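# What the coordinates show
If you want the building blocks of each chain, they are given just below.
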Amino acid sequence: MLFAVICKDKPGSVQVRLDTRPEHIAFLEELNGDKKLAFAGPFLDAEGKPNGSLVVVEAPDMAGAQTLSAADPYAKAGLFESVEIHPWNWTFNKPAAT
């Protein structure tokens, strides 16, 4: 099942994001390699600077999605002000299964 992980950064935390980005990218690459990542990317503020994240993961249930979310280096670094996790159904423009 897919889960949308919607994260909002703490105000003034751009440097935490930048400092932790290499570990975060490695984490996403590992999820991708394990076929647990549908897609991911940052939200941007009006100036084009990242201020949150949208990560869609494959997990067996909500507990699994929460475990994946908590393992993100950004979460471990305390970057996020809030995290919401929602079951999600990819309806339109879903890539063809390979």
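Look up a bit, the structure's there.
Computed from a predicted structure; not experimentally measured. (Residues numbered from 1 in each chain as written. Predicted model: local features only at pLDDT ≥ 70, side-chain atom pairs only at ≥ 80, totals over all residues. Heavy atoms only, no water.)

## Quick notes on the nonpolar core
The condition that has to hold: Grouping buried Ala, Val, Leu, Ile, Met, Phe, Trp, Tyr and Cys residues that are joined through side-chain atoms within 4.5 Å yields what is termed a nonpolar core. For each residue, the accessible area found with a 1.4 Å probe, counting protein chains only, is set against the maximum for its type, and the residue is called buried under 20%, exposed over 50%, and partly exposed in between. Helical segments are the DSSP runs of H or I of at least four residues, strand segments are the runs of E of at least two, and each set is numbered from the N terminus. It only takes one pair of heavy atoms within 4.5 Å for two residues to be counted as in contact.
If you look at the biggest cluster of nonpolar residues, it comprises 16 residues, and the most contacted ones within it are Phe3, Val5, Leu28, Leu31, Val55, Val57 and Ala65. Within the residue set of this core, elements represented by two or more residues are β1 (2–9), α1 (14–33), β3 (50–58), α2 (62–71) and β4 (80–88). If sequence neighbours within four positions are ignored, Phe3 has contacts with Val55, Val56, Val57, Ala59, Asp61, Met62, Ala65, Ile85, His86, Pro87 and Trp88.

## Considerations on the packing of aromatic side chains
Quick reminder of the rule: For Phe, Tyr and Trp, where Trp contributes only its six-membered ring, two rings pair if their centres lie within 6.5 Å, and the inter-plane angle classes them as stacked under 30 degrees, edge-to-face over 60, or tilted in between.
Using the criterion set out here, one finds four aromatic pairs in the structure. Ring plane angle 80 degrees and centroid distance 5.1 Å describe the contact between Phe39 and Trp90, whose orientation is recorded as edge-to-face. One end of the pair, Phe39, is in strand β2 (residues 37–44); the other, Trp90, is in the segment after β4, and 51 residues separate them in sequence. Of the residues examined, Phe39 reaches a relative accessible area of 29% and is grouped as partly exposed.

## Overview of α1
We count it as follows: Here the expected span of a helix is defined as 1.5 Å times the quantity of residues minus one. Given a residue, its bend is the angle between the two axes fitted to the seven residues that end at it and to the seven that start from it.
With 20 residues, α1 should reach 28 Å at 1.5 Å per residue; the first-to-last C-alpha distance of 27 Å fits that figure. At Arg21, α1 shows its largest kink, close to 55 degrees, and the proline Pro22 lies no more than four residues downstream. Within α1, the full set of buried residues consists of Arg17, Thr20, His24, Phe27, Leu28 and Leu31. Those residues of α1 that are buried are in contact with β1, β2, β3, α2, α3 (73–76) and β4. Lys35 occupies a position one or two residues after α1 and carries a positive phi of about 60 degrees.

Treat this as a map of the structure, not an account of what it does.
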